[in-house]
Amino acid sequence: MDIKKTEAAVNTTTLDKNQIDAPTDNIYEAISIIAKRANQINSEIKKELLEKLDEFATYNDSLDEIFENKEQIEVSKFYERLPKPHALAVEEWLGDKIYYRNTKDSEEAI
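My aim in this report is to walk through the structure given alongside it, one point at a time. Because the structure is predicted, anything quoted here is derived from the model rather than measured.

On to the packing of aromatic side chains. All told, the structure shown has 2 aromatic pairs when counted by the stated rule. The interplanar angle of 85° and the centroid separation of 5.3 Å between the aromatic rings of Phe78 and Tyr79 together place this pair among those described as edge-to-face. Looking at Phe78, the relative accessible area reads 28%, which means it is partly exposed. Centroid distance Trp93 to Tyr100: 5.2 Å. Interplanar angle 45°. Geometry classified as tilted. A relative accessible area of 3% means that Trp93 is categorised as buried.

What follows deals with helix 2 (residues 27-54). Taking 1.5 Å of rise per residue, the 28 residues of helix 2 would be expected to cover 40 Å, and the 40 Å separating its terminal C-alpha atoms lies within 8% of that figure. Every buried residue belonging to helix 2 is among Ala30, Ile33, Ile34, Arg37, Ala38, Ile41 and Ile45, and all of these are buried.

A few words on helix 4 (residues 85-94). Counted residue by residue, helix 4 has 7 buried out of 10 residues, so it is predominantly covered. Those residues of helix 4 not exposed but buried are Pro85, Ala87, Leu88, Ala89, Val90, Glu92 and Trp93. In the core, the buried residues of helix 4 are packed alongside helix 1 (17-21) and helix 2. Downstream of helix 4 by a residue or two, Asp96 has a phi angle that is positive, lying close to 55°.

So, about the layout of surface pockets. In this structure, the largest pocket occupies an estimated 400 Å³ of space. Forming the boundary of the largest pocket are 17 residues, of which Thr13, Leu15, His86, Ala87 and Val90 lie nearest the centre. Within the residue set of the lining of the largest pocket, elements represented by two or more residues are helix 2 and helix 4. Among the elements that take part in the lining of the largest pocket, helix 4 stands out by supplying 5 residues, more than any other. Of the residues in the lining of the largest pocket, the class split is 10 nonpolar, 4 polar and 3 charged. Glu29, Ser32, Ile33, Lys36, Arg37, Gln40, Ile98, Tyr99, Tyr100, Arg101 and Asn102 are the residues that line the second largest pocket. Looking at side-chain class alone, the lining of the second largest pocket contains 4 nonpolar, 3 polar and 4 charged residues.

What counts and what doesn't
- Residues numbered from 1 in each chain as written.
- Predicted model: local features only at pLDDT ≥ 70, side-chain atom pairs only at ≥ 80, totals over all residues.
- Heavy atoms only, no water.
- Phe/Tyr/Trp six-rings, centres within 6.5 Å; stacked < 30°, edge-to-face > 60°.
- Buried < 20%, exposed > 50% of the residue type's maximum accessible area, 1.4 Å probe, protein only.
- Helix = DSSP H or I, 4+ residues; strand = E, 2+ residues; numbered from the N terminus.
- Expected span 1.5 Å × (residues − 1).
- Contact = heavy atoms within 4.5 Å.
- 1 Å grid on protein atoms, 1.4 Å probe; cavity = no way out; pocket = protein on both sides within 12 Å on 5 of 7 lines; lining within 4 Å.
- Points joined across faces, edges and corners; volume = space filled by probe spheres on them.
- Nonpolar A, V, L, I, M, F, W, Y, C, P; charged D, E, K, R; others polar.

Keep in mind these numbers describe shape, not what the thing actually does.
Here's what the structure looks like:
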């Protein structure tokens, strides 16, 4: 997923409940799926951010050598301006980009 090319809302938006629960016919199941995907997206973003910030890390213990790194600040600001993981997950859900399956259906078939 390329988070730079997403069209997810950066601000809070009102969504139609019927659109959210349409694929599952259960709002609680839909929200649970979206929440799990949001956690996955959050982990991916966090990992990517930490990798980029690790490039700027200095391993000196001296407090005298602390300085502002403008590139590091720009990277941090970029990630702060991104849509939140739950907004990205909702966009994926509404765009039918999330694969899910109901394990109860497969258990009943056995």
